[in-house]
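Remarks on the overall topology
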Amino acid sequence: MSLKALRILVLICFIGLMTFSAIGLTRLHFAFSFEAFLPPDDPDLAFHQDFNAQFSKGEGSVSLALVRSEGVFDYDFLTKVDSFQKAVRHLPLVTNVHSLLNLKDVLYSPMFPISIPVLSWRNGEDLAEAKQEILADERWLNNFISKDGTMLIVQVGVESNRQNDAEAEFVKALLALGDSYDFERWHAVGFPVAHHELLTLQQEQFGTYVILATLVMFLCMVVLFRRFWGIFISFLSIFSGMIIFFGMLGWIGQPLDLLATLFPILLVIVGTSDVLHLMTKYVDEMRRGSDKRTALKKTLKEIGMATFMTSITTAIGFLSLFTSKMPPVRNFGLLSALGVMMAFLTVILLTTALVSWFGPSQLMRINEKKRNPIDTFLEKTNRLTKNRSRSIAIGGVFVVVACIFLSSKISTNLTAQRDLPRNSRILSSFQAVDSSMGGIDAISIAMLAQGDHTFEELKMQQEVDRLEAFLRKDPLVGQVHSPNIFYKLANRYFNNNNPASYQLAANDKELKKHKRLIKKHLKAPMEALLSKDGKTAKLFINLPDIGSAKIRGFNDKVDAWAATNIDSSYIKFKHTGHRYILDKNQEMLAASLMRSLGFAFLIVALCMALLFKNLKMVLISLIPNVIPLLVTAGLIGALGFEMDPKVAIVFTVAFGIAVDDSIHFLARFKIEREQGLSIDDAIAATFNETGKAMIYTTIILFLGFGTLTFSNFPPTYTIGLLLSITLLVALLADFLLLPLLLRWGGKKSPKEAH
């Protein structure tokens, strides 16, 4: 088949594929799920689900925190709150609204319980006296009002099993309603609000990164090629790869999650690197006098194989993430690997078909007279590696030692707010409620009755009460909830509502009366904390967002106290809850991702062995790529970033991409050696042939991943910053260390040996 017929066939196929993919783009949708970050096969998650199944299912909830700096016990403020919560009750999906304004307390009566308002304010009652009573009652503190009396909480019950569209309408209406009232400050926290705002920000940022990726790609192509057809072909090739990839996601029904914001940048970077190496080589061959067919053959033979290997190693880096137990990370690894290979195939087929229509001057501006500053830099770098090899080696050792020391300072204290967008409403609300209400983070403890015992026994309640008393001594604890709260309320009721009687029954006879009262009037709220058979109970502890490592220390302290002070023949305790499971698995996942990096090293080493068929060359290719990863670890420790799974991803991604330049350098070196050049001459020729493209691709990588630092999401910002710096260090390591290693360990010809 002639070259003309072949390229026309390729173009027709791509037009059809692009049309099919464009239809798939209309099927794309976004999704964000907190539960997706919980590993499905975790036994602790299975226990948590079985444990929760024993209790009544409440609605979802949203907490509205209304602030008045001078105190909430003000008639005008309370009137406004009353109007607001009545309006909230009429919003879609809302099932109930509770605050101190409509909650009822129970007074003793010989005939029947009498309900009275917790806060009487409508008729001009003395609010100073009400303030004193409420702020002295532990039932309301850090639940419905802050200890300083400046923040009032309105709890909003929301229907479960919500659809995203209905939830979005509810949250929009709620936020608009709250903003329409002239509160000094107000905050909304809870799953529906967090889910809606994070999903909205995710959609906005995805669009932003598509635009930024396109802009970076276009500007780089303009600077590098400075010819319309060169810019157009490279832009079309890379953009086609993106459309085909996202079209595929649409057709298979794969939603775009938080990590999907990395896809546009990633595809542009990988595609641009492949296009640059291929077009630069094609132009060089044409300038040397080759015809188009010969230039294409030589380009595909020399650059095509190296580009294939770089795509394979990059894909392997991403595929190693598939070992993760966290579904979003697994999907990201698999889809990224597919995207890398699709970008490679698009470049190899579409770019070569298009460039074969044009001559070198139509693709790239060529200035034969003016010497390129990059050429001068490359020559000086080569001489530096030859004349200052000992200094470079000593400097490399110093960098390694310094980075190992700094990496020892890496923190694993993961806070909940670290993943919330900076300067966002959701973050400011989280921080305000967390600081004012004694913590927004709830630690769950499963209390399991042993033998024939149940939590309806006085002895069991006393054991739980001792644990609660121990917990409340900790200054970090904001509030503690257990079934005991209802037994204490019942005792208070039978003692004329005396606050001093808010305690457990004195004996079994009193407890029997309490049970009857609870069964008649408090059955529904009790079943949210105590199973129907009385064998299983929940204990909630509110803590500030102090971080996973500190929470683990807190849990260890509770376990140690319980082991020596609670009779295990009556009760056993087990930590549970989404936060506990997520924190535990995030730390395990970070460790497993580092192990997957070792797996990636092994696979890449095998690929290098197949390419070079020389053990020394395999070692030479891997050593310069270890240093950038050590630098990354040092940066994480020095900059105070926590080591979570999203940060751990950086190591695998950086290695998979950074090794590409090493492959291009070594592949060119191998070709020059096969043509009879000495080691020094082959290194010089490699710098001249490949060095410029390596610099260009690294600049593109740096700028591409650097755009992620504009993100409001801390994990995305961290990934962008670390990857940009790591890949810049990788280029320096290739330029400075590879020549040294090749001179020290490269196989010398008999002539060179003498």
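Before reading on, note that the structure itself is shown above.
Residues numbered from 1 in each chain as written. Predicted model: local features only at pLDDT ≥ 70, side-chain atom pairs only at ≥ 80, totals over all residues. Heavy atoms only, no water.

1. Observations regarding the sheet that holds strand S10 (residues 571-576)
Ordered in space as S8-S9-S7-S10, the four strands form an open sheet in which the pairing is antiparallel. Each edge of the open sheet is held by one strand with a lone partner, namely strand S8 (479-481) and S10. Each adjacent strand pair in this sheet contributes to an overall mean axis angle of 20°, direction not counted. Bridge count for strand S7 (residues 441-449) against strand S9 (residues 536-543) is eight bridges, and the pairing is antiparallel. Residue pairing in the sheet places Asp441 in a bridge with Leu543 of S9. Where helix H2 (residues 43-52) meets the sheet, its contacts fall on S7, S9 and S10, and the angle it forms with S10 comes to roughly 115°. (Pairing = 2+ DSSP bridges. Helix = DSSP H or I, 4+ residues; strand = E, 2+ residues; numbered from the N terminus. Axes fitted to C-alpha atoms, helices over the stretch in contact; angles between N-to-C directions. Contact = heavy atoms within 4.5 Å.)

2. Some details on the packing of aromatic side chains
According to the stated counting rule, one finds 26 aromatic pairs in the structure shown. Between Tyr181 and Phe183, the ring centres sit 5.9 Å apart and the planes meet at 15°, which makes this aromatic pair stacked. One aromatic cluster is present, formed by Phe30, Phe206, Phe245, Phe246, Phe263, Phe318 and Phe332 through successive ring pairs. Against the face of Tyr717 rests Arg422, its NZ or CZ located 4.6 Å from the ring centre. (Phe/Tyr/Trp six-rings, centres within 6.5 Å; stacked < 30°, edge-to-face > 60°. Lys NZ or Arg CZ within 6 Å of the ring centre and 35° of its normal.)

3. A closer look at the pattern of salt bridges
When the charged atoms of two side chains lie near each other, side chains of opposite charge can form a pair. One pass over the full model with this rule turns up 24 salt bridges. Of the charged contacts, one joins Lys281 and Glu285 as a salt bridge, the two residues approaching to 2.7 Å between their closest N and O atoms. Highlighted residues: Lys281 and Glu285, both in helix H8 (residues 262-287), separated by four residues, approximately one helical turn. For the salt bridge of Lys670 with Glu674, the shortest nitrogen-to-oxygen distance reads 2.8 Å. Of the two residues, Lys670 and Glu674 are both situated in helix H22 (residues 645-674); the distance of four residues between them amounts to about one turn of the helix. Overall, Lys670 belongs to the partly exposed group, its relative accessible area being 28%. Linked through salt bridges whose partners overlap, the residues forming this network are Lys281, Glu285, Arg288, Lys298 and Glu689. (Salt bridge = Lys/Arg side-chain N within 4 Å of Asp/Glu carboxyl O. Buried < 20%, exposed > 50% of the residue type's maximum accessible area, 1.4 Å probe, protein only.)

4. Notes on unusual backbone geometry
Here the phi dihedral of Leu93 falls at roughly 80°; this positive angle occurs in a residue that is not glycine. Position of Leu93 among the secondary structure elements: in the loop between helix H3 (75-89) and strand S2 (94-98). In this model, Asn142 sits at a positive phi of 65°, which is unusual for a non-glycine residue. Counting through the fold element by element, Asn142 comes out in the loop between helix H4 (127-135) and strand S5 (151-158).

5. Topic: H8
With 26 residues, H8 ought to run about 38 Å at 1.5 Å a step, and its terminal C-alpha atoms sit 37 Å apart, in line with that. Within H8, 25 of the 26 residues are buried, leaving the element largely enclosed by the surrounding structure. Downstream of H8 by one or two residues, Gly289 has phi in the positive range, about 105°. (Expected span 1.5 Å × (residues − 1).)

6. Structural notes on a positive patch on the surface
Side chains of Lys509, Lys512, Lys513 and Arg516 sit close together on the surface and give a patch of like positive charge. With respect to the helices and strands, the residue Lys513 is situated in helix H17 (residues 508-521). For Lys513, a relative accessible area of 35% gives the class partly exposed. (Patch = residues over 30% accessible without salt bridge, like charges linked within 9 Å, V, L, I, M, F, W, Y side chains within 5 Å. Areas by Shrake-Rupley, 256 points an atom, 1.4 Å probe, with all protein chains shown as cover. Lys, Arg positive; Asp, Glu negative; His and termini not counted. Charge placed at Lys NZ, Arg CZ, Asp CG, Glu CD.)

7. Let's talk about the side chain of Asp661
Within the secondary structure, Asp661 is located in helix H22. Although Asp661 lies buried, it forms no salt bridge, and the closest oppositely charged side chain, Arg668, sits 14 Å away as judged by the N-O distance.

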